[in-house]
Amino acid sequence: MAVNREDERRLACGRELLPLVDQVAEALPPVEPEHQRTCPHCQAALGELEDLWRQVRALAREEIVAPDRMRYVIRRIHEGLAAPPREVRLEEVLPRLVQHAMLETDRGTTRIADSVVARIVGQAVRGLRGVHLAGRPSAVSVAVSGGRVTIRLPLALRYGLGLAETSTAVRASVIERVEVLTGLVVDAVDISVEDVFGGDAG
Amino acid sequence: MDRKTDDIHLVSAAQRGDLIAFELLVRRYGTPAYRIALRILGNPTDAEDVMQDSLLQAWQALPELRDRRFFSTWLYRIVTNRCLNAIRSRRATEVLPNEIEDETRRPNHVTEARRQLQTLRRAIMRLTPEQRVPFVLRELEGLSYEEIAEVLGTTVPAVKGRLHRARLALLEAIGAWR
C-alpha cells in the first residue's frame with residue numbers, strides 16, 4: 001500500500017489514514033465519498049482495512065468458554081473465604097459429627113450441639129470489621145466437654161491490622177458471645193491467622 | 001426488565017449479602033471478564049487467575065460500589081487493572097506472551113482463515129498494554145466509548161485518542177502499512 005514516507009499516516013493522495021481507519025472500524029459513512037469513489041489510493045487502503053477488520057470481527061465472534069474456575073470462585077464465596085458481607089451459613093459451619101455440650105441443672109439437662117457454638121462463633125466474627133473466617137468455615141472447630149468448650153478459629157485479617165491486637169479483640173468477642181448466649185464456659189479460643197486480604201486491592 | 005435494571009436489582013441484593021444474586025452476576029459477567037483478561041494477557045492461565053481474583057475482589061468490594069448501574073464496567077475496571085499489574089510484574093522476565101497456541105507452527109492442519117486469525121492475535125499482543133486494553137474493550141467486546149471511559153477512569157476523547165493510536169499500531173504490527 002502506497003504511503004507517503006514523511007508522514008506515515010497520510011496516503012499518496014494526501015488524505016489522512018486515520019479517518020479511513022475510523023470509517024472502517026466504526027462503520028461510519030465516508031467523509032469524502034466523491035474522492036473515495038475515484039481515488040485508487042483510498043480504495044486500496046479501504047480494501048485492506050476492510051479485510052483486516054473482517055478478521056477483527058471474526059476474532060470478536062470467536063467463542064471463549066469461561067473456565068471451571070468460575071464455579072470455584074462461587075464455591076469459595078459460599079465458603080466464606082472472601083470476606084462476605086453476610087453471616088456464615090449454618091450448613092457451612094456444621095461439623096460432620098455433632099457433639100453436644102451439656103448444661104446440667106437441677107431440673108434437667110440442656111444439650112447444645114457444637115455446630116450451634118460454631119455458628120455463634122461465625123456470627124461473632126462476622127460482627128467484627130477487618131476480619132473473616134479463613135479456609136473452609138467448617139475449619140472452625142469446636143471441642144465440647146460437659147459445660148466447657150475449646151474453639152479453634154482460622155482467620156483472615158485485613159492487611160494493615162495489628163495481628164496481636166486483632167486476635168485479642170476477636171478472642172474477647174467470641175468468648176463473650178458464646179458464654180452469654182449458651183451459658184457454656186469457654187476454656188480457650190485458639191486463633192490461627194491464615195490469610196490477609198485487601199493489601200493489593202486496586 | 002432490561003439488563004441494566006436487572007443488574008441494579010441483583011447488585012443491591014448482593015450488597016445486602018444475597019449470594020444467589022451475586023452468583024447470577026458472576027454467571028452473567030464472569031465470561032466477559034475472562035474473555036477480556038485472556039485477550040489482554042494472551043494466555044489462559046494468567047487470565048484465569050485474573051478472573052478469579054477480580055471476582056473475589058468484586059465480592060469483597062461490592063459494598064463500595066455506589067452507582068449500581070455500573071457493575072459491569074466496575075468489574076471490568078478491576079479486571080483490566082489486574083491485567084496491567086500482571087503484565088508489569090512479568091515484564092522483567094518475558095518480552096512477549098507467547099503461550100497462545102501457536103497454530104502457525106502446524107501449517108498442515110490449519111486453514112488460511114485460522115492462520116490469519118492467529119497472525120491478528122499476535123499483532124494484538126504486540127500493541128502496548130495501554131493500546132491493547134481499549135482495543136480489546138472496543139473492537140472485541142463491543143463496549144461503547146462511554147463504557148470504556150468508565151472502565152479506564154478517563155474521558156471519552158481520551159479513549160478515542162488511545163483507540164486511534166491502537167488501530168494505527170495494529171496496522172503496523174500486522175505489516176499492512178510499510
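Residues numbered from 1 in each chain as written. Chains lettered and ligands numbered in written order. Predicted model: local features only at pLDDT ≥ 70, side-chain atom pairs only at ≥ 80, totals over all residues. Heavy atoms only, no water.

1. A short note on the environment of Q43 of chain A
- With respect to the secondary-structure elements, Q43 of chain A resides in helix α3 (residues 40–61).
- Sequence separation between Q43 of chain A and L20 of chain A is 23 residues, and the spatial gap between their C-alpha atoms is 9.9 Å. (Helix = DSSP H or I, 4+ residues; strand = E, 2+ residues; numbered from the N terminus.)

2. Digging into the interface of chain A and chain B
- With 44 residues of chain A at the interface, the matching set in chain B holds 47 residues.
- If you sort the residues of chain A by the area they bury against chain B, L59, I64 and R69 of chain A come out on top, with a joint share of 15%.
- Taken together, chain A and chain B are joined by 5 salt bridges.
- Two residues, E62 of chain A and R121 of chain B, come together in a salt bridge whose shortest N-O distance is 2.2 Å.
- On the surface where chain A and chain B come into contact, there are 9 residue pairs in polar contact (both at pLDDT 80 or more).
- Here the element with the most residues in the side of chain A that touches chain B is α3 of chain A; it accounts for 10 residues.
- A class-by-class count of the residues in the side of chain A that touches chain B yields 30 nonpolar, 4 polar and 10 charged. (Contact = heavy atoms within 4.5 Å. Buried area = accessible area lost by both parts, 1.4 Å probe. Salt bridge = Lys/Arg side-chain N within 4 Å of Asp/Glu carboxyl O. Polar contact = N/O pair within 3.5 Å; in protein donor to acceptor, adjacent residues only side chain to side chain. Nonpolar A, V, L, I, M, F, W, Y, C, P; charged D, E, K, R; others polar.)

3. Things to note about the packing of aromatic side chains
All names here are of chain B.
- Evaluation of the coordinates by the stated rule reveals 4 aromatic pairs over all chains.
- Aromatic side chains Y29 and F71 sit 5.8 Å apart centroid to centroid with 50° between the ring planes, which places their arrangement in the tilted category. Here Y29, found in helix α2 (residues 19–41), pairs with F71, found in helix α4 (residues 71–90); they are 42 residues apart in sequence, far enough to count as distant. Accessibility classification places Y29 together with F71 in one group, the buried group.
- With 5.8 Å between their ring centres and 45° between their planes, F71 and W74 make a pair best called tilted. Highlighted residues: F71 and W74, both in helix α4, separated by 3 residues, approximately one helical turn. (Phe/Tyr/Trp six-rings, centres within 6.5 Å; stacked < 30°, edge-to-face > 60°. Buried < 20%, exposed > 50% of the residue type's maximum accessible area, 1.4 Å probe, protein only.)

4. Thoughts on unusual backbone geometry
Residue and element names in this part refer to chain A.
- Its identity is not glycine, yet A27 carries a phi of approximately 55°, on the positive side.
- Within the secondary structure, A27 is located in the loop between α1 (17–25) and α2 (33–38).
- Exposure remark for A27: the relative accessible area of 63% places this residue in the exposed category.

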